[in-house]
Amino acid sequence: MKLFWVTKEKKEKTEEKVEKISKEVGQIAVDILETDDEIVILGPIAWIELEDIDLTFNKSVLNIKWIRLKPEIYTINAKVRNNECFWGNFERNIILPENLDFDSIKASLENNLLIITISKLKFSWWNIKIDRMEM
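Residues numbered from 1 in each chain as written. Predicted model: local features only at pLDDT ≥ 70, side-chain atom pairs only at ≥ 80, totals over all residues. Heavy atoms only, no water.

Is there a simple way to think about the sheet that holds strand E5 (residues 61-68) in this case?
Hydrogen bonds along the backbone pair up the strands of a sheet, which may run parallel or antiparallel. With respect to topology, four strands assemble into an open sheet ordered E1-E6-E5-E4, the strand pairing being mixed. The outermost strands of the open sheet, each flanked by one partner alone, are strand E1 (25-26) and strand E4 (54-58). Of the pairings in the sheet, the one linking E1 to strand E6 (residues 88-95) comprises two bridges and is parallel in character. Paired with Val-25 across the bridge in E6 is Asn-89. (Pairing = 2+ DSSP bridges. Helix = DSSP H or I, 4+ residues; strand = E, 2+ residues; numbered from the N terminus.)

As structure tokens, this is what we get:
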């Protein structure tokens with residue numbers, strides 16, 4: 001969303017819109033990769049520390065949640081000429097396959113990229129011989 005101040009009246013209306021938008025919840029864009037051994041979820045995040053991210057599971061749904069606060073530079077008396085960054089609450093629910101070992105989940109933050117890895121469960125395959133019953 002681009003904001004350009006023209007008049008005081010338009011500025012006040014725009015500020016109301018921005019305040020309303022800030023009550024909304026943003027979503028992280030994610031890539032989900034699957035290898036033979038694991039699922040890898042990648043999501044770019046800026047201005048967040050790993051300990052500020054809340055990761056929870058409920059059955060096979062991964063919930064990622066955090067709040068990104070505006071940096072101090074926004075508190076100075078400056079006009080916002082362009083407002084495209086989302087600040088506030090973020091949340092994302094991702095439905096995962098059930099063949100994952102949820103006890104093996106690992107999360108890291110590298111260069112503002114959230115990386116979540118979950119190992120797949122290992123199932124053994126074997127052939128079953130069917131006996132013939134005689135009557």
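What follows continues from the structure just given.
Explain the packing of aromatic side chains here, please?
Throughout the structure, instances matching the rule amount to five aromatic pairs. A centroid spacing of 4.7 Å and a plane angle of 5 degrees characterise the contact between Trp-66 and Phe-90, whose relative ring orientation is stacked. With Trp-66 in strand E5 and Phe-90 in strand E6, the pair connects residues that are 24 residues apart, well separated along the chain. In this structure Trp-66 comes out as buried when scored by relative accessible area, which is 4%. (Phe/Tyr/Trp six-rings, centres within 6.5 Å; stacked < 30°, edge-to-face > 60°. Buried < 20%, exposed > 50% of the residue type's maximum accessible area, 1.4 Å probe, protein only.)

Whenever I open this one, the side chain of Lys-120 confuses me. Can you help?
Note on placement: Lys-120 falls in the segment after strand E8 (113-119). There is a polar contact of 2.5 Å between the side chain of Lys-120 and the side chain of Glu-34. Here Thr-35 takes part through its backbone oxygen, which lies 2.9 Å from a polar atom of the side chain of Lys-120. When near neighbours in sequence (up to four residues on either side) are disregarded, Lys-120 contacts Glu-34, Thr-35, Asp-36, Asp-37, Glu-38, Asn-99, Leu-100 and Asp-101. (Polar contact = N/O pair within 3.5 Å; in protein donor to acceptor, adjacent residues only side chain to side chain. Contact = heavy atoms within 4.5 Å.)

How should the environment of Ala-46 be read in this particular structure?
Looking at where Ala-46 falls in the secondary structure, it is placed in the loop between strand E3 (38-44) and E4. A relative accessible area of 29% places Ala-46 in the partly exposed class. Taking the C-alpha atoms as reference, Ala-46 lies 9.6 Å from Leu-114; in sequence the two are 68 residues apart. Apart from residues lying up to four places away in sequence, Ala-46 is in contact with Arg-68 and Asn-112.

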